[in-house]
Amino acid sequence: MHERHKTILDLYRYGGDRLYAGEPVTQLEHAWQCGRLAEKSGANTALQLASWLHDLGHLWVNSPGTPTLRGEDDRHEAVAADILAPLFGSAVAEPVRLHVQAKRYLVTTNRAYAAKLSQDSTRSLGLQGGVMSSQECASFEAQPYFKDALKLRVWDDLGKKKAWFEDSRDDALMHLEKLMQAAAS
């Protein structure tokens, strides 16, 4: 196993029980739920892995508590994308890098979307730049992976369900390991 793959697995093995800030799920449950939603939607291996690992930056940065309550944006999307790009390429890294912009885009282009955001996601929205200008929307739409980022964003919002975890921790981590191996080859 690649050393960086082991590091990623260890972050979820040893940090995955941390509560996902402001949500009723742990980091591992959220990652698993997003990955399962991608899989059930027929996403390719790269987008499934991006969905699993889109919040890897939160574990990597390891900021205590809920950073948004302190007015902090941990830039978790950029941290994760920079880790993932050399390991798995753009098809995994770019939807991860763009998933925060995808939230801003959806809030801007779909009025009903903003009302469905969780309290913490609403709080972080302001720290992440808030509503996009028409120029920012056009720039986002021009990104090669913007459609994948929008899909990932929807799964991200849906993947916060208390008590939805159908695998054992070991089975979930084994599934993640197999996805990483498939995406790397």
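Residues numbered from 1 in each chain as written. Predicted model: local features only at pLDDT ≥ 70, side-chain atom pairs only at ≥ 80, totals over all residues. Heavy atoms only, no water.

**Student:** With reference to specific residues and values, describe the overall build of the protein.
**Tutor:** The secondary structure content of the protein amounts to 11 helices and 0 strands. Along the protein, from the amino end to the carboxyl end, the secondary structure elements read α-α-α-α-α-α-α-α-α-α-α. Taken over C-alpha atoms, the radius of gyration comes to 15 Å for the protein, in line with the 16 Å a tight globule of 185 residues would show. Seen through its principal axes, the protein has C-alpha atoms that stretch 45 × 35 × 30 Å. Expressed as a percentage of its 185 residues, the buried residues of the protein come to 51%. Excluding contacts between residues fewer than 6 apart, the proportion of contacts in the protein whose partners are at least 24 apart in sequence is 73%. As displayed, the protein has an accessible area near 8800 Å², and 51% of this comes from carbon and sulfur atoms. The averaged location of the 24 negative side-chain charges in the protein is 4 Å from the averaged location of its 22 positive side-chain charges. (Helix = DSSP H or I, 4+ residues; strand = E, 2+ residues; numbered from the N terminus. Rg over C-alpha atoms; globule rule 2.2 N^0.38 Å. Buried < 20%, exposed > 50% of the residue type's maximum accessible area, 1.4 Å probe, protein only. Contact = heavy atoms within 4.5 Å. Areas by Shrake-Rupley, 256 points an atom, 1.4 Å probe, with all protein chains shown as cover. Lys, Arg positive; Asp, Glu negative; His and termini not counted. Charge placed at Lys NZ, Arg CZ, Asp CG, Glu CD.)

**Student:** Hey, could you go over the environment of Val154 for me, with residue numbers and the actual values?
**Tutor:** Inspection of the secondary structure puts Val154 in helix H10 (residues 146-158). Separated by 41 residues in sequence, Val154 and Tyr113 have C-alpha atoms that sit 9.6 Å apart.

**Student:** Just give me the short version of the nonpolar core, but keep the residues and values in it.
**Tutor:** Formed by 35 residues in total, the largest nonpolar core has its most connected members in Ile8, Tyr12, Leu49, Trp52, Leu53, Leu84 and Phe88. Broken down by secondary-structure element, the contributors of at least two residues to this core are helix H1 (3-15), helix H2 (27-40), helix H3 (45-53), helix H4 (56-61), helix H5 (76-88), helix H6 (90-109), H10 and helix H11 (169-184). Setting aside chain neighbours within four positions, we find Ile8 in contact with Leu53, Leu56, Ile83, Leu84, Leu87, Phe88 and Met180. (Core = buried A, V, L, I, M, F, W, Y, C linked by side-chain atoms within 4.5 Å.)

**Student:** For the packing of H1 against H11, give the residues involved together with the corresponding values.
**Tutor:** Closest axis-to-axis distance for the H1/H11 pair is 11 Å, and the angle between their directions is 155 degrees. As the angle between them shows, H1 and H11 are arranged roughly antiparallel. In this structure, H1 meets H11 at a crossing whose hand is right-handed. Between H1, through His5, Ile8, Leu9, Tyr12 and Arg13, and H11, the contact on the second element is made entirely by Arg169, Leu173, Leu176, Glu177, Met180 and Ala184. Residue composition of the contact of H1 with H11, grouped by class: 7 nonpolar, 1 polar and 3 charged. (Axes fitted to C-alpha atoms, helices over the stretch in contact; angles between N-to-C directions. Parallel < 35°, antiparallel > 145°, perpendicular 65-115°, else oblique. Left-handed = near helix turned anticlockwise from the far one by under 90°. Nonpolar A, V, L, I, M, F, W, Y, C, P; charged D, E, K, R; others polar.)

**Student:** Explain the side chain of Glu77 residue by residue, including any values.
**Tutor:** Its location among the elements puts Glu77 in helix H5. The residues touching Glu77, leaving out its near neighbours within four places in the chain, are Val96, Arg97, His99 and Val100.

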